[in-house]
Amino acid sequence: MSLQVPIEFTLNGRSTRVTVPPDMSALAMLRDKFDLTGTKLACGEGECGACTILVDDVSVNSCLMFAVDCDGRQVQTIEGLRTDQGLDPIQHAFVDHGAIQCGFCTPGMIMQAKYLVQKNPAVSRQEIKRNLEGNLCRCTGYRKIVDAIADVASSLNNVDTP
Amino acid sequence: MTTVIAKKTVLGQDVAKADMPTTDSTMITIIRQSSIIGKGVPKPDAPDKAIGRTRYINDLQLPLMLVGKILHTDRVHARIKNIDVTAAKSLPGVHTVLTGEDIPELRFGCRRDNVPLKRGKVRCTRDEIAAVAADTEEIATHALRLIKVEYEDLPTVFSPGEALQDNAPLIHDECPGNRGLLYEFSAGDIAQAETDSDVVLETSFDLPYVTHCCMGTSCVIADFDANGKLTIYSQTQAPYNYKMDLAPALGMHAGDIRVIQPPVGGAFGSKLDVYPFEPICVLLAKATGRPVKLMFSREEEFINSPTRQPVEVHLRTGVKKDGTLLFRDADCLLNNGAYTSWGSTVPVVMMRTFSSHFRVPNVRFNGLAVYTNHPYAGAFRGYGNVQATYCTATQMDMLAEMVHMDPIAFRLKNAQVPGEITPQKALLRDCTLADCIQLAASKSDFLNKHATYANQRAKPGGIKHGIGIASSIHVSGGAKIHKSDGCGSILKLDDYARATLITGASEIGQGIDAVLCQIVSEELGIPTSDITIVNNDSAIGPWDVGVHASRTTFVAGNSALRAARAAKKQILKAAAKVSNLPVDELDLRRGQVVQANSGVPVTRLDKLLRDMHFQRHSELVMVTDYYEPPSEPEDKNHMGDLSASWAYAAYVAEVSVDTETGEIEVNKITVAQDVGRVMNRIGLEGQIEGGIAIGLGYALSEQLQLEEGKVQNPCFRDYKVMTAPDMPELDLHFVESNCPEGPLGAKGVAELPAIVTAPAVANAVYNAIGIRFFDPPMSPEKVARALYQQQNQ
Amino acid sequence: MIEQYAAPISIEEATRVMQESNATVLAGGTDLMLQTESGKQQFGSTLVNIRHINEISGISIGNNRIRIGALTTISEILGSDKLMELVPVLAQTADHFASSQIRNNATVGGNLCNASPAGDMIIPLLLLDAEAELASWSKGGVVTRLVPVAEFFSGPGKTHKRDDELLVAIEFPVPSFGFIAYFRKSGPRPALEISTISIGVAGALEKEALHATRMAIGAAAPIPLRARRVEALLEGKPLHSALISEAADLAADETLPIDDVRATAWYRKHLIRVFTIRLLNDVIASSD
């Protein structure tokens, strides 16, 4: 049997303890140990972004991240985005703009969007597109995804996103 | 920016009229400005998807479920001498290991040439030679590594031309000469037409292997109950045909198979046939007595998921010097790969393009699928029309030049008018091809730019600009290729005026759920949030032939519309009794029965329903409908009005070409598409935008690279799909031709964007640099080499 | 098979563990996960997670040298005002590195140790005459040595770093006034490409001539390399178009690109020529 490493971290706002094999990915830990299936396995190689989560408020591909690397850090998945008050504005915007078709890429897109608008609410459409390079979608052609994110950014800024 | 151009005049100030399908002329829907039809409606399943709550098939776990994994051969053509599974079988945690010898040799597929686990020999890189069910993925993967296989390699053949040679290796013993499906069509007199032509253009095209890249990889779960009946959780797009096609592979009765369709991460045509991984999973479940889940890794997905059909096309087209098209003569060689799937049937659609894309009185088509040791193709959005339109739209561009006509005038000259019948007897009732071409050209300032850029080709400067146009015609009212092209609906209302629509139509992310909600909402005057769509269980839902051929809005929409109207009729009849007003003075709006002319409420709908229910002669509102489009199957000569309606599109692409690196940037695409009527605006736009992305990938960067029959780039790093920064500016214009047979006038839409985008880009590239590409994708290296050769000639 | 896991908080602790056992270092993990899952690399018996070693993170400037801790992520390099002011070519390169998510987790130390012939961050480090500081445990204490990045690589995926050594930082002199550097990478998309080719040019620009010329090319040879013959050709000479053209041909000549699934050798050489000309034109333009 393989080595099990105890780690402790904050998962969606809750302090959490778990033991993981040292070579387990953060993605496998979230899906298999915590049943948080919102974060998707779509390539396992860091190319498609469907596994995007926030770690210490920064977006990463959880498929390439080691679970042990979560130790001592703040991890947020799509399930942790909504609050008691309701959906995050980004989630609302995705729904309202028609940015969701099959929806498989959606959690990763939304987490990446969350990182972007938190880091820089004045983000431009061009910057949004560049920063979605690592998130693949086969259904939407991306336009409504960019629209949704731009909409949220401009409402945070009270200006139109250029 | 999106605009809508209504083709027919609007009746009255704020009301448009849409007629009921021809079978019942008594009911009309008045669409008001306040109507939900034509507006943007969020998808009902979107909120759950946005919060990560949706459980896709890839996320599902059943109690006591085992993990299945397949051992694919590492050869391409070889006799299987021995498979040793003893070590794999005795690995702790392995429940069963199956090979071809363990299962009856039951064949499936379009030509019954495939079996789930291969015996005797392997014919392509995908061939499944063993399967394992184990407690965990790790154990299953380990078990695969312990299976020892001995092969005797056989000579290989990869191209259709070589496979047709006399001494070519034989892929299937029972298919002499490696010949697969053959499709032939002819109309008119080619020889005479050729004599009458002033110009004959002859070019060859080589259309590539591309793959669907669904974000959710292939996945299936099989579960037998105590009575030996099978429940299969599948990504199928055609659950009822799926039962029928799966049963022979298992030696089961189709009636004992229940298909559950969980949410899927895309399909795009890849899930229209039965593929070996599915019966394999069932066999593992049967052997172990446990549910088994089998899912591909991304690498397995690239290698094993069916591709788009590659085709070598030799096309000859003749025109008169006044620009009149006289004939098209197409010879197509299809690389069938090792087994026959839906890819080999695309000639049925290809010939429609050659015979019907513009007016061509004389047509000859020959399409032959040839077995090779390559992986095989299935259906993929556009289904043969992508390949065929690349050819016709490129040649239209070339022919315009050859007869010295401007590209728009030449196309308009040959565009059909409403009421024309094609050589294959399709009736183009409302042909808007010319409207679409003119609209796209005017909105993009096509002619000015085209002339300007052509003049700048020879001038110095590293970046060249180009503009190109391409159009096409596609089925938009179903396609009668099966015995029925219909869809069933069951509609009920409860005591709270909440509706449930059980439809045969599958939701694969394309948004039929939202459109059906709109239709029911519009008829019954209840909000879309009060409507539930049920469509994921073959034991519950009525039959539908499947999600393909851009048919679902049209066929499922009509079925839902007729059911909703029947329900409305029943409700208004009861309301008339209660209110003492005539039925035809009543309507349903905003959850109430109202007086139609004034809008004055008569009674609340939920109250009426409860009164209907809780009375002596109690009545529930439960209606059913089965809609079969009024189209005809093709006869043995491929003649017939195959679809209840046809749709048209013309797209203009504007590009910049870096003549040093060969990189093409698509700056803008102007869309003109006949959609019949806009139903869900944001859903429609999303389908167009997504289809464009697929077309752009085909044009610029996507290619599954095969060498000695093996996939060289089975990963997103090396197989390039469009990303967000790649997408151009989009200017969408929809033509509403108000199709009389379509539900509230709507037509099918989703394949045309994938069809016309690539040739529009190719024509734009020609405008920019004077080079034609007959073999997409126009990768930077390909373009750079062509430019280098052009400069050094 | 990993038998032991360590999460040291100091260089001392880390190097001791690495001395005592066959260790695999985990930093961002973006390359390590890929290499081990595909079987290209096997784990050692100890997995050493260096994420918590504060001493090897951070960017500092002192003694006219810039020191970038090995744990510094590509995003941190991209977002550093200090680096943007003093060595904008690092930010320019980081901007083209993979995707946002990978930049957020991948470390500059990892990029160096992974030693891909296409390793993006390596190119600007070659232009800056950077050195890698390696630490190891010896005779009861931490010992360090500096290895020039230009001498760090021994082959594709291979470096001269010993298995018991930890890369702790990368250092280079603060570029002198008049120093300019440019980086370009091929591909229709700015990033997420394993480079078809990548190329950088640097030097002190004086009267349209480059001094202390540096040129580095990636993905065109078994290791990222300095194009020394091109540097010699350009050194001190006014950058007229004939010289630029000659430099471009020589650059293409100096490399040994291969045919692979991404591109052929022909196209790589073609791009090297094209990019060399563009980079040198960038250099001329900056003198305006």
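Predicted, not measured: the structure shown is a model, and the values here were computed from it.

Enquirer: Help me out: how do you make sense of the overall build of chain A in this one?
Expert: Looking only at helices and strands, chain A features five helices and five strands. Ordered by position from N to C terminus, the α and β elements of chain A give β-β-α-β-β-β-α-α-α-α. Scaling as 2.2 N^0.38, a compact globule of 162 residues should have a C-alpha radius of gyration of about 15 Å, and chain A matches this with 16 Å. Its C-alpha atoms give chain A principal-axis dimensions of about 55 × 30 × 25 Å. For chain A, buried positions account for 65% of its 162 residues. Long-range contacts, defined as pairs at least 24 residues apart, comprise 59% of the intrachain contacts of chain A with a sequence gap of at least 6.

Enquirer: Looking at this structure, how should I read the domain arrangement of chain B?
Expert: Frequently, the measure chosen for interface size is the accessible area that the parts lose on association. Residues and elements named next belong to chain B. Segmenting chain B into domains produces domain 1 (11-56 + 482-627), domain 2 (57-154 + 217-263 + 271-304) and domain 3 (415-479 + 642-791). Measuring from the centre of the C-alpha atoms in domain 2 to the corresponding centre in domain 3 gives 38 Å. Listed as interface residues are seven residues of domain 2 and, on the opposing side, seven residues of domain 3. Its residues assigned to classes, the side of domain 2 that touches domain 3 shows four nonpolar, one polar and two charged.

Enquirer: How do you make sense of the sheet that holds strand 2 (residues 14-20) of chain A when you look at a structure like this?
Expert: Think of a sheet as strands paired side by side through backbone hydrogen bonds, with each pair either parallel or antiparallel. Residues and elements named next belong to chain A. Taken together, five strands build an open sheet; the order of strands is 2-1-5-3-4 and the sheet is mixed. Both edges of this open sheet fall to strand 2 and strand 4 (58-61), since each of them pairs with a single strand only. Direction aside, neighbouring strands of the sheet carry axes that sit 40° apart on average. Two elements, strand 3 (residues 52-55) and strand 5 (residues 74-76), share two bridges in a ladder whose sense is antiparallel. Residue pairing across strands places Leu 54 opposite Gln 76, the latter belonging to strand 5. The strands touched by helix 3 (residues 106-119) within the sheet are strand 3 and strand 4, with strand 3 carrying the most contacts at an inclination of about 35°.

Enquirer: Looking at this structure, how should I read the interface of chain A and chain B?
Expert: Taken together, the contact pairs 41 residues of chain A with 43 residues of chain B. Secondary-structure elements contributing two or more residues to the side of chain A that touches chain B are helix 2 (89-97), helix 3, helix 4 (125-131) and helix 5 (143-157) of chain A. In terms of residue count, the dominant contributor to the side of chain A that touches chain B is helix 2 of chain A (five residues). Grouping the constituent residues of the side of chain A that touches chain B by class yields 19 nonpolar, eleven polar and eleven charged.

Enquirer: Just checking my understanding: could you explain the domain arrangement of chain A for this structure?
Expert: Residue and element names in this part refer to chain A. Taken as a whole, chain A is organised into domain 1 (5-80) and domain 2 (89-157). Between domain 1 and domain 2, the C-alpha centre-to-centre distance is 21 Å. With 15 residues of domain 1 at the contact, the number on the domain 2 side is 13 residues. For the side of domain 1 that touches domain 2, the secondary structure elements donating two or more residues are strand 3 and strand 4. A total of three residues in the side of domain 1 that touches domain 2 trace back to one element, the largest contributor, which is strand 3.

Enquirer: How do you make sense of the environment of Pro 418 of chain B when you look at a structure like this?
Expert: All names here are of chain B. Position of Pro 418 relative to the elements: it lies in the loop between helix 11 (407-414) and strand 19 (420-421). Pro 418 sits in the partly exposed class, given 13 other C-beta atoms within 10 Å. Each C-alpha atom of the pair Pro 418 and Ser 355 lies 16 Å from the other, and the pair is 63 residues apart in sequence. What Pro 418 contacts, discounting residues up to four positions off in sequence, is Leu 428, Arg 429, Asp 430 and Cys 431.

Enquirer: What's the story with the environment of Phe 774 of chain B in this structure? I'm lost.
Expert: Residue and element names in this part refer to chain B. Counting through the fold element by element, Phe 774 comes out in the loop between helix 18 (752-769) and helix 19 (780-791). It is 9.7 Å that separates the C-alpha atoms of Phe 774 and Val 313, two residues lying 461 residues apart in sequence. Non-local contacts of Phe 774, meaning those with residues more than four positions away in its chain, are made with Thr 203, Ser 204, Phe 205 and Asp 206.

Enquirer: Before we go on, may I ask you to explain the sheet that holds strand 1 (residues 4-6) of chain C in this structure?
Expert: All names here are of chain C. Overall, parallel pairing links the three strands, which are arranged 1-3-2 in an open sheet. Strands at the two margins of the open sheet, each flanked by one partner only, are strand 1 and strand 2 (23-26). Taken pair by pair, the neighbouring strands of this sheet meet at an average axis angle of 20°, ignoring direction. Two strands pair when backbone bridges link them, and strand 1 and strand 3 (residues 46-49) are joined in this way by three bridges, in the parallel orientation. Bridging from a neighbouring strand, Tyr 5 pairs with Leu 47 of strand 3. Each of strand 1, strand 2 and strand 3 touches helix 1 (residues 11-20); the most contacted strand, strand 3, lies at about 165° to it.

The rules behind these values
Residues numbered from 1 in each chain as written. Chains lettered and ligands numbered in written order. Predicted model: local features only at pLDDT ≥ 70, side-chain atom pairs only at ≥ 80, totals over all residues. Helix = DSSP H or I, 4+ residues; strand = E, 2+ residues; numbered from the N terminus. Rg over C-alpha atoms; globule rule 2.2 N^0.38 Å. Buried ≥ 20, exposed ≤ 12 C-beta atoms within 10 Å, placed from the backbone. Contact = placed C-beta atoms within 7 Å. Domains from an automatic or database assignment. Nonpolar A, V, L, I, M, F, W, Y, C, P; charged D, E, K, R; others polar. Pairing = 2+ DSSP bridges. Axes fitted to C-alpha atoms, helices over the stretch in contact; angles between N-to-C directions.

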